[in-house]
Amino acid sequence: MKYTKYITSAAGLLGLGAILVACTPAPTMKTGYDYAIPETQAMQDDDFSNPAFVWVDIGEEQWSTVDGEAGKSCESCHGDASSMKGISTSYPKYSAEDGKMRTLQHQINYERTERMKAKAWKWEGDEMLGMASFIKNQSKGMPLNVSIEGEAAPFYEAGKAFYMQRRGGLDMSCKNCHMDYPGVKIRANVLTNGLPNGFPTYRLKWQKIGSLHRRFRGCNSNIRATPYKQGSDEYTNLELFLTHRANGVAVETPAVRN
Ligand code: HEC
Ligand code: HEC
């Protein structure tokens, strides 16, 4: 009897342990910044030496530029750009109008085509990357905070499945590199958790700023898998999964990486 009691309490303890583990918040993940060499970190830290600010300035200029048949600028309706503080932390966001998720870049083009009656910007163009950087920079230092509840749930599941799926000539998943081996050196790079919190990001390799979806394409190509289009449903859902994974991590936009 004593023995049974021991087993029961041991099981109880194990159960309690499991509950404690489940309740303990996950430790904040390290970002690409934490793995970067001091020179790259210093470049990101100083707005004057951060080369991405060329694009932030383009965004700032566009904010008050009137364009389109409605004769309006972003500023005409939203006032000072400080009104955007915190907004980007909840993107990708579910849109009932679209019946799917919208990234901030989708939202920016919605504002242009629907509210300004202006032309959509190219995903990887200077104006779009400028505006996305300018808006996200208003939330610099604030924690990412996307919702995967309700209508967003199936899109999150799709993004997660994409992340876990092995693909390409090397038959690897995103998880294989970014969850299983952060801190491990792969060619010239140290693998990180592959977080989205610094995008649009200036890459020394690109010698310019680029979108998160451009980075997805690069990571897909590196394992010899066919990349998807920037702004596609696949990459938008993937962005949702990745951003939720990084919930609580501070926005760094615009980051500098090698
Ligand atoms: C004709 C007025 C108008 C113009 C011009 C306009 N907006 Fe908006 N915008 C709105 C309204 C109204 C909403 C919905 C209510 C809200 O969230 O403020 C909105 C929503 C947004 C949102 C989503 C806010 C959220 O909570 O998710 C973003 C981001 C945004 N606008 C950015 C821009 C940018 C960038 C431009 C210029 C390219 C722009 N807007 C131009 C009126 C406008
Ligand atoms: C063969 C390993 C490998 C695979 C598989 C891989 N990546 Fe990467 N990824 C890298 C390397 C190397 C870098 C540059 C160093 C770093 O940030 O980890 C990188 C960088 C990134 C970054 C930029 C992080 C930052 O801080 O700027 C993101 C985001 C990312 N990967 C997402 C993904 C996604 C999503 C997938 C799956 C579609 C994926 N990666 C698949 C190797 C990989």
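Structure shown above.
Residues numbered from 1 in each chain as written. Chains lettered and ligands numbered in written order. Predicted model: local features only at pLDDT ≥ 70, side-chain atom pairs only at ≥ 80, totals over all residues. Heavy atoms only, no water.

Topic: the overall build of the protein
So, point 1. Helices and strands together make up the secondary structure of the protein, namely 11 helices and seven strands.
So, point 2. The burial tally for the protein puts 42% of its 258 residues in the buried class.
So, point 3. The long-range fraction of contacts in the protein, counting pairs at least 24 apart against all pairs at least 6 apart in sequence, stands at 67%. (Helix = DSSP H or I, 4+ residues; strand = E, 2+ residues; numbered from the N terminus. Buried < 20%, exposed > 50% of the residue type's maximum accessible area, 1.4 Å probe, protein only. Contact = heavy atoms within 4.5 Å.)

A closer look at the site of ligand 2
So, point 1. Close to ligand 2 lie 22 residues; C174, C177, H178, T192 and C219 are nearest.
So, point 2. The separation between a nitrogen atom of ligand 2 and a polar side-chain atom of H178 is 2.8 Å.
So, point 3. Within the backbone of T192, one N or O atom sits 2.6 Å away from an oxygen atom of ligand 2.
So, point 4. Most atoms of ligand 2, that is more than half of them, are within 2 Å of grid points of the largest pocket.
So, point 5. Elements supplying a minimum of two residues to the shell around ligand 2: α9 (174–178), β4 (189–190) and α10 (212–222).
So, point 6. At five residues, α10 tops the list of elements feeding residues into the shell around ligand 2.
So, point 7. For the shell around ligand 2, the residue count by class is 13 nonpolar, seven polar and two charged. (Near = heavy atom within 4 Å. Polar contact = N/O pair within 3.5 Å; in protein donor to acceptor, adjacent residues only side chain to side chain. 1 Å grid on protein atoms, 1.4 Å probe; cavity = no way out; pocket = protein on both sides within 12 Å on 5 of 7 lines; lining within 4 Å. Sits in = over half its atoms within 2 Å of the grid points. Nonpolar A, V, L, I, M, F, W, Y, C, P; charged D, E, K, R; others polar.)

Description of the nonpolar core
So, point 1. Counting 16 residues, the largest nonpolar core has F216, L238, L240 and L242 as the members making the most contacts within it.
So, point 2. With five residues, helix α11 (residues 233–245) is the largest single contributor of residues to this core.
So, point 3. In this structure, M84, I108, M128 and F134 belong to the second largest nonpolar core, which totals 15 residues. (Core = buried A, V, L, I, M, F, W, Y, C linked by side-chain atoms within 4.5 Å.)

Describing helix α3 (residues 38–45)
So, point 1. For α3, the complete set of buried residues consists of T40, Q41 and Q44. For α3, the angular spread of buried residues about the axis comes to 100 degrees, placing them on one side. For α3, exposure combined with an orientation more than 90 degrees from the buried face picks out P38 and E39.
So, point 2. On its buried face, α3 is in contact with α2 (32–35) and β7 (255–257). (Arc of directions from axis to C-beta.)

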